[in-house]
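# Coordinate inspection notes
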Amino acid sequence: MMLKKQLTLLSLFFSPFILFAQKPIEYYTTISPNESANQIINKAANLVPAQRQLNWQQMELTAFLHFGINTFTNKEWGDGTEDPKLFNPTNLNTDQWVKTCKDAGFKLVILTAKHHDGFCLWPSKYTEHSVKNSLWKNGKGDVMKELAASCKKFGMHLGVYLSPWDRNSKLYGTEAYNDYFINQLTELLTQYGKIDEVWFDGANGEGPNGKKQEYDFGRWYKLIRQLQPQAVIAVMGPDVRWVGTETGRGRETEWSVVPADAQSQENIAAGSQSNVIYKPSGDMMGDVLGSREQIIKAKALVWYPAETDVSIRPGWFYHDKENNNVKTAKQLNDVYFSSVGRNGVLLLNIPPNKNGLIQTEDSLHLMQWAAMRYNTFNKNIAKSATIQLSSGKHPKALTDGNYHTFWTSSSSKDTMATITFSFATNQKFNVLCLQENIKVGQRIEKFNASYWNGKNWEPFASGTTVGYKRLLTFPEINTRKVQLNILSSRLNPTLSEVGFYFEKSD
Ligand code: FUL
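What counts, and at which threshold
- Residues numbered from 1 in each chain as written.
- Predicted model: local features only at pLDDT ≥ 70, side-chain atom pairs only at ≥ 80, totals over all residues.
- Heavy atoms only, no water.
- Pairing = 2+ DSSP bridges.
- Helix = DSSP H or I, 4+ residues; strand = E, 2+ residues; numbered from the N terminus.
- Axes fitted to C-alpha atoms, helices over the stretch in contact; angles between N-to-C directions.
- Phe/Tyr/Trp six-rings, centres within 6.5 Å; stacked < 30°, edge-to-face > 60°.
- Buried < 20%, exposed > 50% of the residue type's maximum accessible area, 1.4 Å probe, protein only.
- Lys NZ or Arg CZ within 6 Å of the ring centre and 35° of its normal.
- Right-handed = clockwise from strand over helix to strand, strands pointing away.
- Domains from an automatic or database assignment.
- Contact = heavy atoms within 4.5 Å.
- Salt bridge = Lys/Arg side-chain N within 4 Å of Asp/Glu carboxyl O.
- Polar contact = N/O pair within 3.5 Å; in protein donor to acceptor, adjacent residues only side chain to side chain.
- Core = buried A, V, L, I, M, F, W, Y, C linked by side-chain atoms within 4.5 Å.
- Near = heavy atom within 4 Å.
- Areas by Shrake-Rupley, 256 points an atom, 1.4 Å probe, with all protein chains shown as cover.
- Nonpolar A, V, L, I, M, F, W, Y, C, P; charged D, E, K, R; others polar.
- Arc of directions from axis to C-beta.

### Regarding the sheet that holds strand β2 (residues 28-30)
Across the sheet, which stays open at both edges, the 3 strands sit in the order β2-β13-β10 with antiparallel pairing between neighbours. Each of the sheet's edge strands pairs with one partner strand only, and the pair in question is β2 and β10 (257-259). When strand polarity is set aside, the average angle formed by the axes of neighbouring strands in this sheet is 20 degrees.

### Some words on the packing of aromatic side chains
Taken as a whole, this structure holds 38 aromatic pairs when the rule is applied. Relative to Tyr215, the ring of Tyr172 lies with its centre 6.3 Å away and its plane at 70 degrees, an arrangement referred to as edge-to-face. With a gap of 43 residues between them, Tyr172 in the loop between β6 (157-162) and α8 (175-190) and Tyr215 in the loop between β7 (197-200) and α9 (217-227) connect regions that are remote in the sequence. Accessibility expressed as a relative area gives 0% for Tyr172, which makes it buried. Three or more aromatic residues link up through ring pairs in this structure, and these residues are Tyr172, Tyr177, Tyr180, Phe181, Phe200, Tyr215, Phe217, Trp220 and Tyr221. Taking the ring centre of Trp369 as reference, the NZ or CZ of Arg373 above it sits at 4.2 Å.

### Observations concerning the pairing of strand β8 (residues 232-235)
Regular strands place their side chains on alternate faces of the sheet. Pairing analysis gives 4 bridges linking β7 to β8, with the strands arranged parallel. Residue Glu197 lies in a different strand from β8, and its bridge partner there is Val232. Each parallel crossover has a hand, and for β7 linked through α9 to β8 it is right-handed.

### Considering the domain arrangement of the protein
Segmentation of the protein into domains returns domain 1 (60-256 + 305-377) and domain 2 (381-501). Its C-alpha centre places domain 1 at a distance of 37 Å from the equivalent point of domain 2. Listed as interface residues are 14 residues of domain 1 and, on the opposing side, 16 residues of domain 2. The interface formed by domain 1 and domain 2 holds 2 salt bridges in total. Here Glu60 ties to Lys469 by a salt bridge, and the two come within 3.0 Å at their closest N and O atoms. Applying the counting rule to domain 1 against domain 2 returns 12 residue pairs in polar contact (both at pLDDT 80 or more).

### Looking at the nonpolar core
Of all hydrophobic cores here, the largest spans 75 residues; its most connected members are Phe87, Phe106, Leu185, Phe200, Leu348 and Trp369. Filtering out sequence-adjacent residues up to four positions away, Leu348 remains in contact with Thr62, Ala63, Phe64, Phe106, Val310, Ser311, Ile312, Leu332, Leu366 and Trp369. Counting residues in hydrophobic clusters, the runner-up holds 29 residues, among them Ala382, Ala417, Phe447 and Leu495.

### A few points about the site of the ligand
Around the ligand sit 11 residues in total, of which His66, Trp77, His115, His116 and Asp201 are the nearest. The side chain of Trp77 places a nitrogen or oxygen atom 3.0 Å from an oxygen atom of the ligand. His116 has a polar side-chain atom sitting 2.8 Å from an oxygen atom of the ligand. Calculation on the ligand without its partners gives an accessible area of 290 Å², and the protein chains cover 98% of this total. The residue inventory of the shell around the ligand, partitioned by class, reads 4 nonpolar, 5 polar and 2 charged.

### What to know about the pattern of salt bridges
Any two side chains of opposite charge can pair if their charged atoms end up close together. For the structure shown, the criterion picks out 20 salt bridges. Note that Lys354 and Asp320 form a salt bridge whose closest N and O atoms lie 3.2 Å from each other. With Lys354 in the loop between β15 (344-349) and α12 (360-377) and Asp320 in the loop between β14 (306-311) and α11 (329-337), this residue pair connects regions lying 34 residues apart in the sequence. On the accessibility criterion, Asp320 (44% relative accessible area) is partly exposed. One salt bridge connects Lys330 with Asp334, and the closest N-O pair in it is separated by 3.1 Å. Of this pair, Lys330 and Asp334 both sit in helix α11, separated by 4 residues, roughly a single helical turn. The exposure class of Asp334 is partly exposed, given its relative accessible area of 37%. Residues joined in a network through salt bridges with shared partners are Arg52, Arg225 and Asp239.

### Some words on α9
Looking at α9, one finds that the buried residues are Phe217, Trp220, Tyr221, Leu223 and Ile224. Buried residues along α9 cover an arc of 160 degrees about the axis, so they all sit on one side. The exposed residues of α9 that point more than 90 degrees off its buried face are Lys222 and Gln226. Next to the buried residues of α9 lie α8, β7 and β8.

### Concerning the pairing of strand β21 (residues 470-489)
The sheet contact formed by strand β18 (residues 417-435) and β21 spans 13 bridges and is antiparallel. Note that in β21 the partner of Ile419 across the bridge is Leu484. Bridge analysis of strand β19 (residues 444-452) against β21 gives 7 bridges, and the strand direction is antiparallel. In the sheet register, Asn448 faces β21, and the bridge partner there is Asn485.

### Things to note about unusual backbone geometry
The phi torsion at Tyr27 lies on the positive side, around 75 degrees, for a residue other than glycine. With respect to the helices, strands and loops of the structure, Tyr27 is situated in the loop between β1 (25-26) and β2. Judged by relative accessible area, Tyr27 falls into the buried class, the value being 16%. Look at Val235: it is not a glycine, yet its phi comes out positive at around 65 degrees. Along the chain, Val235 falls in strand β8. With relative accessibility at 2%, the residue Val235 sits in the buried group.

See below:
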């Protein structure tokens, strides 16, 4: 009896299930040279986001507020020689910004507290190039303070963009600039309550003295972790990855686990994001960043999810002449499907105008887009289906609207599965939504969906990665039966939610 028990324990120990079913690893893991390709793939499948990254991902929609001296000089990049007196919004109303963003479904807003011109929207003690020398409120105003108060009032999360490149500071290009930057970060992270995202831009050109700066990123990161540990550090930071374009379109195959070598944040080129070059080997712009072939060569792996930034207008700052070029609700919706719907967070820029308000055209299109999303997503047709699973339990978890409950296959060896949805009557839909439970890891590599046309299963959608959220659109399907096939997964797949929706075409 005893021997049998020992043998059972022993065989359990050596069974592939035990070998593969490792514990979740949070955020980052190194890989030793003797690990096999299978072990590395299993490790990747068990890598999960840090809590701050999970919170961030679940917000889905973040608004970028590019506002500053450029708003008044009608420029995209200021050179730091602007007269601070030019900054004079006549009717600045941060409640209007935050309420507009909230009504449009955003959960977090990020203010350009300082852009490349070095002009600060808060009265920093460390520079004269700020609101304190403007005509606005006789130099007594503080945009950060007003915005923080509005965020508190409307229950919105707040983030800051602090440009490392500063074309005004005399210290730029010297070691003292890193201290200056630390001082400014400290002001922002201690005077305005909770900050949930710190955004460091990749642009790094010359300062007023013609020198380029070696940024002490390590020191900056440490300070953020110490002062606001729940904040994610984005782009030139270790928590959130720039998706690689400024078009609002993410990758079809978007892995949140990528080789950590690609995380090196050393930026060696000037210009806008798209010109940034990262060293040594990290490719932020490739078609796929975390494939099996890529991760098995890695020295370390990191949970490094994509943020997809784009502006509602052609420029990042407000310009009167672009009022007829504000993205329409339909265009915003396409951006949503190709950012949030491709395992990313959408960072949509909505630049306040010279009056200090979000322009009417912008808020109108935002509201129309929010209504479109509501009309599509308020009814999950899959909820009324009877669900059959080829493996695993808990079919109800798939449509209960609760991200935390989830389906998984019965063993880690079951990397393929079929889930069949049957309806009592024919159903019409043209959108499929899948969500993996990323608290367990990102695993699905290939899936497709078919419907029963009365005679055969007809494929209507297919994809590679799922991640936090994957949205697919297709011509309207009218059927009583749908099959979702997971064709390949790095470990037992999970799904928190499956949705079929009907989007009106007008
Ligand atoms: C770029 C900047 O140069 C643009 O002005 C803008 O802030 C964009 C989000 O990032 O690198």
